[in-house]
Amino acid sequence: MDRLDAMSLFVATVDAGSLSAAARRAGMPLATVSRRLSDLEKHLKTRLLNRSTRRLALTDAGQSYLAACRRILGEVSEAERAAAGEYISPTGELAVTAPVVFGRLHVLPVVTAFLDAYPDVDIRLTLSDRIIQLVEEHVDLAVRIGELPDSAMVAKRIGSIRRIVCASPAYLAGNRTPIEPRDLAGHNCITFEGLASPATWSFVSGKSEIAVPVRSRLRVNTAEAAIDAAIAGLGLTKVLSYQADAAVRAGTLRVVLEPFEPSPWPVNLVHAGQGLLPVKLRAFLDFAAPRLKERLARSL
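If you're wondering where the values come from, they're calculated on a predicted model, not measured in any experiment. (Residues numbered from 1 in each chain as written. Predicted model: local features only at pLDDT ≥ 70, side-chain atom pairs only at ≥ 80, totals over all residues. Heavy atoms only, no water.)

Draft legend 1. Seen up close, the overall build of the protein chain. Looking only at helices and strands, the protein chain features nine helices and 14 strands. By principal-axis analysis of the C-alpha atoms, the protein chain measures approximately 75 × 40 × 35 Å. Counting only residues that meet the buried cut, the protein chain has 43% of its 300 residues in that class. Long-range pairs, those at least 24 residues apart, make up 73% of the contacts in the protein chain between residues at least 6 apart in sequence. As presented, the protein chain carries roughly 15500 Å² of accessible surface, and 50% of it is formed by carbon and sulfur atoms. The protein chain carries 37 positive and 31 negative side-chain charges, and their two centres are separated by 4 Å. (Helix = DSSP H or I, 4+ residues; strand = E, 2+ residues; numbered from the N terminus. Buried < 20%, exposed > 50% of the residue type's maximum accessible area, 1.4 Å probe, protein only. Contact = heavy atoms within 4.5 Å. Areas by Shrake-Rupley, 256 points an atom, 1.4 Å probe, with all protein chains shown as cover. Lys, Arg positive; Asp, Glu negative; His and termini not counted. Charge placed at Lys NZ, Arg CZ, Asp CG, Glu CD.)

In structure tokens:
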């Protein structure tokens, strides 16, 4: 049994969604595809797929093996391209993901500049506040905000993000500016569900973390809505610093309670690559990391 051919057929079958679809794409009889997958399972001494001619489902072992196959086949492909001298110029499609607002404000301008510099590379940029699984969803690179869990992923830190409380000058003029977290008891608050609880906000005092009850006059599910409501004078809101950066610089929002802010969250570029990286990914990392680092250093 050719191990790489078996891996390729297994991945192709999963991507096709059924044995019959895989057989059509590969130009093989259905019985041949089924037999080769069975031979692979016998070699591994485990079942990879619960299958029929119309549909299939990965077992737990199959999920793990699929991720390993994708990684190994990708590395083999890159090694072959390197040996053939195809690394002179980056080519192909690169899949990148980032949080929605951060992606629009910071990643998209860098991507645009990269595409101008590298005309043979195309980028699929997915802006989502959902944590996208890189290997499973075929994404090359992710921007992650916050502490990273232990994993086999490779991370490159490019900066940090503050969690700030802010309000409009008009609101603060008509209400007593909070000096310490407990002063929030007398204020109207706008809560952004993606960041803070509608009932309590967290701060630090010395080495201690404190949770302060807040009155949530308005609850929204996007940072943009929270910021717009704060600019309109409805109350105080808690958002990430880059989300309110433009409003603070324009003077339509003012930051309060800075001495009590929690520790900043790190911002990392994360990818699954180990060893030899595709040239398009290496080129993007080298291009994007210093530019994103500079943009973050200029923000709040």
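Once you've had a look at it, read on.
Draft legend 2. Inspection of the pattern of salt bridges at higher detail. Applying the stated criterion across every chain yields a total of eight salt bridges. In this structure, R162 engages E258 in a salt bridge whose closest nitrogen and oxygen atoms are separated by 3.3 Å. A residue pair is termed long-range when its members are at least 10 positions apart, and R162 in the loop between β6 (154-161) and β7 (163-167) and E258 in the loop between β13 (254-256) and β14 (265-271) qualify at 96 residues. Of the residues examined, E258 reaches a relative accessible area of 45% and is grouped as partly exposed. Measuring nitrogen to oxygen at the nearest pair gives 3.2 Å for the salt bridge that ties E294 to R298. Linking E294 with R298, this pair stays in helix α9 (residues 279-298), spanning four residues, or about one helical turn. E294 gets classed as partly exposed once you look at its relative accessible area, which sits at 46%. (Salt bridge = Lys/Arg side-chain N within 4 Å of Asp/Glu carboxyl O.)

Draft legend 3. Geometry of the packing of aromatic side chains. If you walk through the whole model with that rule in mind, you get six aromatic pairs. Arranged with centres 5.0 Å apart and planes meeting at 80°, the rings of F114 and F284 form a pair that is edge-to-face. Of this pair, F114 sits in helix α5 (residues 100-117) while F284 sits in helix α9; the two residues are 170 residues apart in sequence, bridging distant segments of the chain. Residues F114 and F284 agree in their burial class; the two are buried. Positioned above the aromatic ring of F203 is the side chain of K238, whose terminal nitrogen or guanidinium carbon lies 4.8 Å from the ring centre. For the cation-ring pair, R291 lies above F287, with the distance from its terminal atom to the ring centre recorded as 3.7 Å. (Phe/Tyr/Trp six-rings, centres within 6.5 Å; stacked < 30°, edge-to-face > 60°. Lys NZ or Arg CZ within 6 Å of the ring centre and 35° of its normal.)

Draft legend 4. Just the nonpolar core, in detail. Judged by nonpolar contacts, the single largest core of 29 residues is most densely connected at F102, I123, L269 and F284. Elements represented by at least two residues in this core include exactly β3 (92-98), α5, β4 (121-127), β5 (141-145), β6, β14 and α9. Looking at this core, the element that brings in the most residues is α9, giving nine residues. In contact with F102, other than residues within four places in its own chain, are V107, V143, I145, I161, Y242, V267 and L296. In terms of nonpolar packing, the next biggest core, distinct from the first, is built from 17 residues, A6, M7, Y65 and C69 among them. (Core = buried A, V, L, I, M, F, W, Y, C linked by side-chain atoms within 4.5 Å.)

Draft legend 5. Representation of helix α8 (residues 241-250). Judged by how many residues are buried, α8 sits mostly within the fold: seven of ten residues are covered. All buried positions along α8 are accounted for by S241, Y242, Q243, A244, D245, A247 and V248.

Draft legend 6. Up close: the sheet that holds β3. Read across the sheet, five strands follow the order β4-β3-β5-β14-β6 without closing on themselves; strand pairing throughout is mixed. The sheet terminates laterally at β4 and β6, the two strands that pair on one side only. With strand direction ignored, the average angle separating the axes of adjacent strands in the sheet is 20°. In this structure, β3 lies alongside β4, joined through seven bridges in parallel fashion. Paired with L94 across the bridge in β4 is I123. Set on the sheet, α9 makes contact with β3, β4, β5, β6 and β14; between it and β6 the angle comes to about 15°. (Pairing = 2+ DSSP bridges. Axes fitted to C-alpha atoms, helices over the stretch in contact; angles between N-to-C directions.)

Draft legend 7. Unusual backbone geometry, seen in detail. Of note, K45 is a non-glycine position whose phi angle comes to about 60°, a positive value. By the element assignment, K45 lies in the loop between α3 (30-44) and β1 (49-51). Judged by its relative accessible area of 74%, K45 falls in the exposed class. A positive phi angle is found at L257, which is not glycine, with a value near 60°. Within the fold, L257 resides in the loop between β13 and β14. On the basis of relative accessible area, L257 is assigned to the buried category, the value being 4%.

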